[in-house]
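A structural walkthrough
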Amino acid sequence: MSKHVNVHFLGAAGTVTGSKFLLEFPDKKILIDCGMFQGIKKLRELNWQQLPINAEEIDLVLLTHGHLDHSGFLPRLVNIGFKGEIWGTAPTLDIAEIILRDSAKIQEEDAERANKDGFTKHKPAKPLYNLLDADKAIQRFKPQKPEDWIEITGSIRIRFRYAGHILGATFIEIDAYGKRFLFSGDVGRKGDLLLRDPEKPDRADVLFLESTYGDRLHSKEDMTDKLESVIHATLEKNGTLIIPSFAVERAQLLMYMIWQLTSQGKIPKSLPVILDSPMGTNALAVFRKHHEWHKLTDQDTIRMSERFHVVQSYAETWEIIDNPAPKIIIAGSGMVTGGRVLTYLQKYLGRESTTVLLAGYQAEGTRGRQLLDGADEIKFYGKYVPVKAGIDILDGLSAHADKNELIEWLSDIQKSPEQLFLVHGEPQALDALRVKLKDSLGWLATIPELYNIKEIPLDE
């Protein structure tokens, strides 16, 4: 009987978030990524559904990187029976630890607030997982070196390779029964201010390719110049600039850009710049710990940190909100789905002197996407807040490769893949990249749907 692998598309299929791909080999079951669904309610509700697999039977989890939509479901997976190890690079696991604890805390607080204020259909509202659950998952972390092949069985070996995107991020190569399975994870970009250029794969028999920006090209505008002009335009209104930011990599990149603008005398040294993101502060410590993964020196990170006021408590958040003086506030979360930025926006969105500067991809159904699409009001904790603030976006700041950059990333692969699956994208982006791959490389791609199972024959 011929051997085959069953691939289960348990997330990031037909949508961007919830990345989970189970490979059922004859002798091992390996889960690539274990992310949470984010965005519209229909997607968020998937986090509560029973997985159509038995978590106890999974032998190993491999993480491409630490973002919530790639790691955020791990505590739930452990809760429903997973007993194996969770592998990733050392910075990936450090970042995942920060993100999981933050996610658990936010869920506990949201459930508590929903029960107290009564805006829940569930009696009582419960978190998907709590801090104790997060810690149980973190105990299963086992860091792995990049670039080295790691033997799993006599027939399977795996390798993590540098992908840019965020600190510690990798694409994953799995050699199994004569075939190479390549999971792109999220591919970063050339010329990133903080991270090295992504390495490029040279072989992929079965390719799982992210498509987040599969339907667009990034702006060629200099993002530091754009940030400078937005800061000055806000200062002319005597207003406050609020930048909802992903805590990992994006917050550090914004800090670097603002530090550079200050050092060059392009913005006033007296302008208060506030980092109100406990997770962003912790991520900065991960940057200092893992120098080999980025371009900054330790001296750079120290000097950069000195330019910022780091908020220590929630009480201090309110002191900053009550101070009418112009300022820049960087706070999580990047898609305005949770975190401290909600507290600022509830108070500042209704002011014409405010500017909200979005700093990256905004998934369908998030408040960030609503702001980008021109919503005239936004709902926070059951109440609507009018949008009178100016809304802008640093479009070229994305940490994802765009359509052409993805094609270029694949350019060292000589032989076209036997199977190519486009994942981690919204329908329009998936289809645009499918057409581009066919026209540019002659490669035929499949767009799997959620919970599809594909049987792939293995070499004997």
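For the structure, check the block above.
The following paragraphs examine the structure supplied in this document. These numbers were taken from a predicted model, which means no experiment stands behind them. (Residues numbered from 1 in each chain as written. Predicted model: local features only at pLDDT ≥ 70, side-chain atom pairs only at ≥ 80, totals over all residues. Heavy atoms only, no water.)

**What to know about the sheet that holds strand 14 (residues 309-310)**
With respect to topology, six strands assemble into an open sheet ordered 14-13-15-12-16-19, the strand pairing being parallel. Every interior strand has two partners, whereas the edge strands, strand 14 and strand 19 (390-393), have only one. As defined by bridge partners, strand 12 (residues 240-244) adjoins strand 16 (residues 355-358) across two bridges and the pair is classed as parallel. Directly across from Leu241, in strand 16, lies its bridge partner Thr355. (Pairing = 2+ DSSP bridges. Helix = DSSP H or I, 4+ residues; strand = E, 2+ residues; numbered from the N terminus.)

**Some thoughts on the packing of helix 10 (residues 314-322) against helix 11 (residues 341-348)**
It is at 11 Å that the axes of helix 10 and helix 11 come closest, and there the two elements cross at 25°. With respect to helix 11, the element helix 10 is oriented roughly parallel. In the packing of helix 10 onto helix 11, the handedness of the crossing is right-handed. Each of Tyr314, Thr317, Trp318, Ile320 and Ile321 in helix 10 lies in contact with helix 11, whose residues at this interface are Thr343, Tyr344, Lys347 and Tyr348. For the contact of helix 10 with helix 11, the residue count by class is six nonpolar, two polar and one charged. (Axes fitted to C-alpha atoms, helices over the stretch in contact; angles between N-to-C directions. Parallel < 35°, antiparallel > 145°, perpendicular 65-115°, else oblique. Left-handed = near helix turned anticlockwise from the far one by under 90°. Contact = heavy atoms within 4.5 Å. Nonpolar A, V, L, I, M, F, W, Y, C, P; charged D, E, K, R; others polar.)

**Regarding empty space enclosed by the protein**
In this structure the tally under the stated criterion is two cavities of 30 Å³ or more. Space inside the largest cavity adds up to approximately 70 Å³. Together, 14 residues line the largest cavity, and Ser19, Phe21, Ser184, Gly185 and Val423 are the ones closest to its centre. Considering every element that reaches the lining of the largest cavity, the biggest residue donor is strand 11 (residues 206-210), with three residues. Of the residues belonging to the lining of the largest cavity, the class tally is six nonpolar, six polar and two charged. Each pocket or cavity is described by its volume, and for the second largest cavity that value is around 40 Å³. Together, Thr15, Val16, Thr17, Gln38, Leu43, Ala363, Glu364 and Glu426 line the second largest cavity. Among the residues forming the lining of the second largest cavity, the class breakdown is three nonpolar, three polar and two charged. (1 Å grid on protein atoms, 1.4 Å probe; cavity = no way out; pocket = protein on both sides within 12 Å on 5 of 7 lines; lining within 4 Å. Points joined across faces, edges and corners; volume = space filled by probe spheres on them.)

**A short note on the environment of Ala389**
One can find Ala389 in the loop between strand 18 (383-386) and strand 19. Using a relative accessible area of 9% as the deciding quantity, one classes Ala389 as buried. Separated by 40 residues in the primary sequence, Ala389 and Leu349 place their C-alpha atoms 5.2 Å from one another. Residues contacting Ala389, with those up to four places away along its chain left out, are Tyr348, Leu349, Arg351, Thr354 and Val356. (Buried < 20%, exposed > 50% of the residue type's maximum accessible area, 1.4 Å probe, protein only.)

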